[in-house]
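Now for the letters of each chain:
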Protein chains: 4
Amino acid sequence: MSAPSAPTLIALLHGPDRPGLVARVAGWIFERAGNILHADQHRDNEKGIFFQRVEWVPSEALAKEGRPSGLDAEAAAFTAFAATLGMTARVASSAHRPKGALFVSKADHCFHDLILRWKAGEFAGDFACVISNHVDLAAAARHYGLPFHHVPVTARTKAAAEARQLKLLRAAGVEFVILARYMQILSAGFLQKFGRPVINIHHSFLPAFAGGRPYHQAHERGVKLIGATAHYATAVLDDGPIIQQDVVRVTHRHSVEDLIRKGRDLEKLVLAQAVRWHLENRVLVYGHKTVVFD
Amino acid sequence: MSAPSAPTLIALLHGPDRPGLVARVAGWIFERAGNILHADQHRDNEKGIFFQRVEWVPSEALAKEGRPSGLDAEAAAFTAFAATLGMTARVASSAHRPKGALFVSKADHCFHDLILRWKAGEFAGDFACVISNHVDLAAAARHYGLPFHHVPVTARTKAAAEARQLKLLRAAGVEFVILARYMQILSAGFLQKFGRPVINIHHSFLPAFAGGRPYHQAHERGVKLIGATAHYATAVLDDGPIIQQDVVRVTHRHSVEDLIRKGRDLEKLVLAQAVRWHLENRVLVYGHKTVVFD
Amino acid sequence: MSAPSAPTLIALLHGPDRPGLVARVAGWIFERAGNILHADQHRDNEKGIFFQRVEWVPSEALAKEGRPSGLDAEAAAFTAFAATLGMTARVASSAHRPKGALFVSKADHCFHDLILRWKAGEFAGDFACVISNHVDLAAAARHYGLPFHHVPVTARTKAAAEARQLKLLRAAGVEFVILARYMQILSAGFLQKFGRPVINIHHSFLPAFAGGRPYHQAHERGVKLIGATAHYATAVLDDGPIIQQDVVRVTHRHSVEDLIRKGRDLEKLVLAQAVRWHLENRVLVYGHKTVVFD
Amino acid sequence: MSAPSAPTLIALLHGPDRPGLVARVAGWIFERAGNILHADQHRDNEKGIFFQRVEWVPSEALAKEGRPSGLDAEAAAFTAFAATLGMTARVASSAHRPKGALFVSKADHCFHDLILRWKAGEFAGDFACVISNHVDLAAAARHYGLPFHHVPVTARTKAAAEARQLKLLRAAGVEFVILARYMQILSAGFLQKFGRPVINIHHSFLPAFAGGRPYHQAHERGVKLIGATAHYATAVLDDGPIIQQDVVRVTHRHSVEDLIRKGRDLEKLVLAQAVRWHLENRVLVYGHKTVVFD
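Residues numbered from 1 in each chain as written. Chains lettered and ligands numbered in written order. Predicted model: local features only at pLDDT ≥ 70, side-chain atom pairs only at ≥ 80, totals over all residues. Heavy atoms only, no water.

When its secondary structure is counted, chain A shows 9 helices and 13 strands. Computed over the C-alpha atoms, the radius of gyration of chain A is 21 Å, within 12% of the 19 Å expected from 2.2 N^0.38 for a compact globule of 294 residues. Expressed along its principal axes, the backbone C-alpha trace of chain A runs to roughly 60 × 40 × 35 Å. Counting only residues that meet the buried cut, chain A has 60% of its 294 residues in that class. Looking at chain A alone, contacts between residues at least 24 apart form 66% of all its contacts between residues at least 6 apart. In the structure as shown, chain A presents an accessible area of about 11,500 Å², 55% of it carried by carbon and sulfur atoms. The distance from the centre of the 35 positive side-chain charges to the centre of the 27 negative ones in chain A is 5 Å. (Helix = DSSP H or I, 4+ residues; strand = E, 2+ residues; numbered from the N terminus. Rg over C-alpha atoms; globule rule 2.2 N^0.38 Å. Buried < 20%, exposed > 50% of the residue type's maximum accessible area, 1.4 Å probe, protein only. Contact = heavy atoms within 4.5 Å. Areas by Shrake-Rupley, 256 points an atom, 1.4 Å probe, with all protein chains shown as cover. Lys, Arg positive; Asp, Glu negative; His and termini not counted. Charge placed at Lys NZ, Arg CZ, Asp CG, Glu CD.)

This next bit is on the packing of helix H1 (residues 21–31) of chain A against helix H1 (residues 21–31) of chain C. For the pair H1 of chain A and H1 of chain C, interaxial distance at closest approach is 8 Å and the crossing angle is 135°. Classified by the interaxial angle, the pair formed by H1 of chain A and H1 of chain C is oblique. Here the hand of the crossing between H1 of chain A and H1 of chain C comes out left-handed. Where H1 of chain A approaches H1 of chain C, its residues Val22, Ala23, Arg24, Ala26, Gly27 and Phe30 of chain A are matched on the opposing element by Val22, Ala23, Arg24, Ala26, Gly27 and Phe30 of chain C. Of the residues assigned to the contact of H1 of chain A with H1 of chain C, the class counts are 8 nonpolar, 2 polar and 2 charged. (Axes fitted to C-alpha atoms, helices over the stretch in contact; angles between N-to-C directions. Parallel < 35°, antiparallel > 145°, perpendicular 65-115°, else oblique. Left-handed = near helix turned anticlockwise from the far one by under 90°. Nonpolar A, V, L, I, M, F, W, Y, C, P; charged D, E, K, R; others polar.)

Moving on, we come to the interface of chain C and chain B. Interfaces are often described in size by the accessible area the parts lose on coming together. Listed as interface residues are 19 residues of chain C and, on the opposing side, 19 residues of chain B. Interface area for chain C against chain B, summed over the two sides, is near 1,800 Å², with a carbon-plus-sulfur share of 50%. The interface formed by chain C and chain B holds 6 salt bridges in total. Here Asp113 of chain C makes a salt bridge to Lys268 of chain B, at a shortest N to O gap of 3.9 Å. For the interface between chain C and chain B, the tally reads 5 residue pairs in polar contact (both at pLDDT 80 or more). (Buried area = accessible area lost by both parts, 1.4 Å probe. Salt bridge = Lys/Arg side-chain N within 4 Å of Asp/Glu carboxyl O. Polar contact = N/O pair within 3.5 Å; in protein donor to acceptor, adjacent residues only side chain to side chain.)

For the pair chain B and chain A, the best superposition has an RMSD of 0.0 Å and corresponds to a rotation of 180° with a translation of 0.0 Å parallel to the axis. Both chain copies can therefore be described as sitting about a two-fold axis. Closest approach to the rotation axis within chain B is made by the C-alpha atom of Ala208 of chain B, at a distance of 2.3 Å. Of all interface residues in chain B, 100% are interface residues in chain A too; the two copies therefore contact each other through one and the same surface. (Least-squares fit on C-alpha atoms with pLDDT ≥ 70 in both.)

Turning to the sheet that holds strand E9 (residues 198–202) of chain C, a few remarks are in order. All names here are of chain C. Taken together, the 7 strands give an open sheet; going across it, the order is E7-E6-E5-E8-E9-E10-E11, and neighbouring strands pair in mixed fashion. Whereas interior strands pair on both sides, the edge strands pair on one side only; in this sheet they are strand E7 (148–150) and strand E11 (242–249). Within this sheet the neighbouring strands show an average axis-to-axis angle of 20°, counted without direction. In this structure, strand E5 (residues 99–104) lies alongside strand E6 (residues 126–132), joined through 6 bridges in parallel fashion. Counterpart to Ala101 in the pairing with E6 is Cys129. Running at roughly 165° to E6, helix H4 (residues 109–119) makes contact with E5, E6 and strand E8 (176–179) of the sheet. (Pairing = 2+ DSSP bridges.)

Right, let's talk about the pattern of salt bridges for a bit. Taken as a whole and assessed by the stated rule, the structure comprises 64 salt bridges over all chains. Notably, a salt bridge pairs Arg117 of chain C with Asp113 of chain C, separated by 2.8 Å at the nearest N-O pair. Remark: Asp113 of chain C and Arg117 of chain C occur in helix H4; sequence separation between them is 4 residues, near one turn of the helix. Through salt bridges with shared partners, a single network forms among Asp113, Arg117, Glu122 and Arg276 of chain A together with Arg264, Asp265 and Lys268 of chain D.

Turning our eyes to something else, we now look at the relation of the copies chain C and chain B. With an RMSD of 0.0 Å, the operation that places chain C on chain B is a rotation of 180° combined with a shift of 0.0 Å along the axis. Looking at chain C, 100% of its interface residues are interface residues in chain B too, so the copies touch through the same face.

Side chains on a regular strand alternate between the two faces of the sheet. Residues and elements named next belong to chain B. Counting buried positions over the 8 residues of strand E10 (residues 225–232) gives 8, a clear majority of the element. Of the two faces of E10, the one carrying Leu225, Gly227, Thr229 and His231 and the one carrying Ile226, Ala228, Ala230 and Tyr232 are both buried. Here strand E9 (residues 198–202) pairs with E10 via 4 bridges, running antiparallel. Directly across from Ile199, in E10, lies its bridge partner Tyr232. Bridging between E10 and strand E11 (residues 242–249) involves 7 bridges; their strand directions are antiparallel. Within E11, the residue paired with Thr229 across the bridge is Gln245.

Across chain A, the average pLDDT comes to 93, with 96% of residues at or above 70. In the predicted assembly, ipTM is 0.92 and pTM is 0.95. (pLDDT = per-residue confidence, 0-100.)

Turning to the environment of Leu269 of chain D, a few remarks are in order. Residue placement: Leu269 of chain D occurs in helix H9 (residues 256–279). Take Leu269 of chain D: its relative accessible area is 30%, and that puts it in the partly exposed class. Sequence separation between Leu269 of chain D and Gln245 of chain D is 24 residues; the distance between their C-alpha atoms is 9.4 Å. Each residue touching Leu269 of chain D, except ones within four places of it in the same chain, is listed here: Asp265 and Leu269 of chain A together with Arg117 of chain D.

All names here are of chain B. As for its position among the elements, Val153 is in the loop between strand E7 (148–150) and helix H6 (158–171). What makes Val153 buried here is its relative accessible area of 15%. Taking the C-alpha atoms as reference points, Val153 and Leu102, separated by 51 residues in sequence, lie 16 Å from one another. When near neighbours in sequence (up to four residues on either side) are disregarded, Val153 contacts Asn133, Lys158, Ala161, Gln165, Tyr182 and Gln184.

Below, the discussion takes up the interface of chain B and chain A. With 34 residues of chain B at the interface, the matching set in chain A holds 34 residues. Contact between chain B and chain A buries roughly 3,000 Å² in total, counting both sides, with carbon and sulfur atoms accounting for 51%. Three residues, Arg221, Lys224 and His252 of chain B, lead the burial of chain B against chain A; their summed loss comes to 23% of the area buried on that side. At the boundary of chain B with chain A, the tally comes to 6 salt bridges. Of the charged contacts, one joins Arg249 of chain A and Asp246 of chain B as a salt bridge, the two residues approaching to 3.3 Å between their closest N and O atoms.

To continue, consider the side chain of His219 of chain A. Inspection of the secondary structure puts His219 of chain A in helix H8 (residues 214–221). Relative accessible area serves as the criterion here: at 17%, His219 of chain A is assigned to the buried category. If we ignore the near neighbours within four places in the chain, the residues touching His219 of chain A are His254, Ser255, Val256 and Leu259 of chain A together with Glu46 and Lys289 of chain B.

Within a pair of aromatic rings, the relevant descriptors are the distance that separates the centres and the angle that separates the planes. On inspection of all chains with the given rule, the structure shows 47 aromatic pairs over all chains. Among the aromatic residues, those joined into a ring-pair cluster are Trp28, Trp56, Phe78 and Phe81 of chain A. (Phe/Tyr/Trp six-rings, centres within 6.5 Å; stacked < 30°, edge-to-face > 60°.)

Right, let's get into unusual backbone geometry. With an omega dihedral of 10°, the bond running from Leu206 of chain A to Pro207 of chain A counts as a cis peptide bond. By the secondary structure assignment, Pro207 of chain A is in the loop between strand E9 (198–202) and H8. Positive phi, close to 50°, is recorded for Arg213 of chain A, a residue that is not glycine. Residue placement: Arg213 of chain A occurs in the loop between E9 and H8. Phi is positive for Asp238 of chain B, close to 60°, though the residue is something other than glycine. Within the secondary structure, Asp238 of chain B is located in the loop between E10 and E11.

Turning our eyes to something else, we now look at the domain arrangement of chain A. Residues and elements named next belong to chain A. Split by domain assignment, chain A resolves into domain 1 (9–93) and domain 2 (99–292). Facing 13 residues of domain 1, the contacting portion of domain 2 comprises 7 residues. Taking both partners together, domain 1 and domain 2 bury about 870 Å²; carbon and sulfur atoms supply 58% of that area. Looking at the side of domain 1 facing domain 2, the largest losses of area belong to Leu12, Phe51 and Arg53, adding up to 50% of the total buried there. Along the contact surface separating domain 1 from domain 2 lie 4 residue pairs in polar contact (both at pLDDT 80 or more). Those elements that place two or more of their residues in the side of domain 1 that touches domain 2 are strand E1 (9–16), strand E2 (35–44), strand E3 (49–57) and strand E4 (88–93). Of the residues assigned to the side of domain 1 that touches domain 2, the class counts are 6 nonpolar, 3 polar and 4 charged. (Domains from an automatic or database assignment.)

If you roll a probe as big as a water molecule over the atoms, it shows you where there is empty space left. Summed over the entire model, instances satisfying the criterion amount to 15 cavities of 30 Å³ or more. Reported here for the largest cavity is a volume of approximately 80 Å³. If you trace the largest cavity, you find 15 residues lining it, with Val22 of chain A together with Val22, Ala26, Ala39 and Gln52 of chain C closest to the centre. Contributing elements (two or more residues each) for the lining of the largest cavity: H1 and E2 of chain A together with H1, strand E2 (35–44) and strand E3 (49–57) of chain C. (1 Å grid on protein atoms, 1.4 Å probe; cavity = no way out; pocket = protein on both sides within 12 Å on 5 of 7 lines; lining within 4 Å. Points joined across faces, edges and corners; volume = space filled by probe spheres on them.)

What follows is the structure in structure tokens.
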């Protein structure tokens, strides 16, 4: 899974299943002198839907140039080809590193973790700025060299705050948002206007313990495992397509504070994995669920 | 954790916390020439409650005799002593192996697993009979040397069926029941009349996916982990005190049938662990939760 | 991963990597009116080797017939085609269920576990007989309807015993052997003469604690996890290609007996998973290692 | 496990087992008006050794004062009392936060992780300085407010370098050292002269893959899990008492670089857990092994 040096194209496609799709896709790439590095497909037999992630090095000419324009044209050609098969395709180029924004509040564990992983080269994308409803992480963000925007939010000012957030995102060319323990709910209107993926980390094993204070809920119920869930934010709270989940064992000895401490490690790992997969174009959203080509 | 050869007494006690409880309990045992093998305690700081599991070899005289009567008297003496500290105690003797009944329907994985573990010596108790609303496992039960009772249940005959089950349990001196994928809900009246622990295995990570067809629910929601939960049955379905839980990773590639197959392994492990702990007197029920001294 | 109803062909192929392999393979199948159900490939970038597992439904005509002869001819044709690409291929038909033999000694946990899973329909193959150097499991094997062969082994009689084992395997048409805690080492000569896969379960996380009494070794070293490893047996003890491994947490509280008990669950799960993958033609052995297309 | 507000004493004791030890220890504390918060004991039945960790709030008078001198006197009194039982005891006061030094080279993941956890209040101790044979982490250490000492090491200068390291440790009053991916082997002489615990993180599941480049070794062997091990450093490389271990699943798809990336997360979690336990006085070293009272 190490990054190949030549730029590649990565297509995520899905549509009604029919015989020969694998061969047709592979054939199209081969005819244009591309070389498939990875191809992974899945069939939902119940609903008759075909899913595929295919990554290829375009023709040597294109690859050597590495010109974004050439890659973009090839991507567009693939999308058009997929349409002739009745398939919806999204094609990304490894030469393009998407820009993201981190939304944070006061908790800093996911914030530090994501930025340190980014600086260690773990992500196929970059962070462009930090937006927070508090000022606590301003100095840390700037130490990391990231612009920090303080956008306070109250019930009364929420609409204006979201408008300002959207303006900041557009100004910075942000293509995805990570809610790194951001303690505000984004409105359906914000999500629609932004129109790009928003990844949230919820500190429970969803669908158990949706809503607020999930570690308190878990402690109250006496569960033996606590979890964390990374998902795409949707208009319905804690209900979006799940990207990744994990759990850790707890016992009666653990207080709520212990659950919170243990949960921090879970949240970091689960969110970082979701972000990594998202940026490697491994996550195909389909209805209420995801297909993760890992 | 290997079984000591001399018979031991095991007390589970709890009550309002106050200074000196550990010393008082240890002192009482020491004064009567007992030797503590294990002592494990827990404080619920929030509610100010003290919990302890203590296992000891009573005085050599008692131990050498191994007379149940002597052990029973010592157990009664301890219970009375605990009461003077404001504590509720339940004391079991390792010389007594409780008898249990397996309730099953058609699924046989937990049934075989529990019986083979029992025959391998993993449990500090014995199975006395198998009760089922179907006849599918009759031959297998008899092959294992266990009486099999077919008690069909329909909505109309449920009350009569439960009365017959209770009669069978009493006749066999049954002290605990295991619902090993028994596909009927026991009524609150049955649980009250039986008045002994009933352990159920639910095939999901509770409280997620309570109720019927949890693997279908999990598949529908697109979770990345499926779970199993062993709990004591109470009048409220799937809501009793949780003894043990575990999960296993799944992906979009897994059909509902795959989840069911993978879930079988989880159910076997989780239920067997809960039964083992229960029979080793490691589980203290307290309100809606358990304290498991493992 | 649920079994398709129409018979399928499954090819495992590998050879020097070169552009277009995915397209060539998919194209060959498509041209012959086959439909690819699964195709999974891997590149060893370091050594420049291409690996693929591809499963397809041959042309409807063949599929409807389901004639072994037609499937065999198609398999042979594919193998010849793969050779033209410089690839080595092994092609299996889902219509053929391989026959296996269980080698056991006295420990019965893997023995019961494998047979119960087989009867529950978890394996794409069948067990034909049980061979043991002890008589302890004779009655149980027969209860399951399996022929039981007692072949005692001593240092002096080992060569003769192995000759008899080989004769029994050939007479029963056995295509794979599972060493289900068989406490004898098969000679290099036996493995060579049998010439078919032999799957062993070693009760440690290899390469730690190879050789005898691995749980005692682990206890002595004070490790915090114990493991189990399923691997193909080779002439070098505990050194064959690893198919599957897993571990479980232990503490200082666990005696050697506890490690053995906990290890039994690991051994069952790890061995069963290896057998399942092997029979679904998901395991490609390559040098000292395996590629598992799961 | 949340920290109590009043200062506590924590004793780790061990010695030949004999009846009444639990009662004697609890009695001693009770008579001096102390209140036991936690008491956990273990018996090594094979070797006849008793181990205990007991944490108590000394008499209210002492507790209210919180005077180190009073606590120290009580600790000394307990140690003397334990000696009368034939037990070796080490008693720590929660009022004392030990100072530690981080030894690092170029890899920064454990370095950042430990310091951020320390700042988040996860450890019952403090970091006093960073010592490195490279300068790469100098700026980061200073940003965190920690003195950074560059002590280059070559084969020729090793003795002098270790002498300088010892001088730095003594000057800063360092009571424990953490080798946070420090790529030099400390000599037996250094360990002896320092005479305090040194915790190392080895990037494999020991005893598998001891020595250099363990991820390369693991990749070469084709294991299905990679691990990390935190242990006390001893004169024999990678052979000291193991404190904590964990593993993560890998497949043939993972290159050595992937193993290294996945291993970083393991190393962080395993080392942080070991440091947390060490500082909470939960780790009792005994021969070649540890008893961890978690």
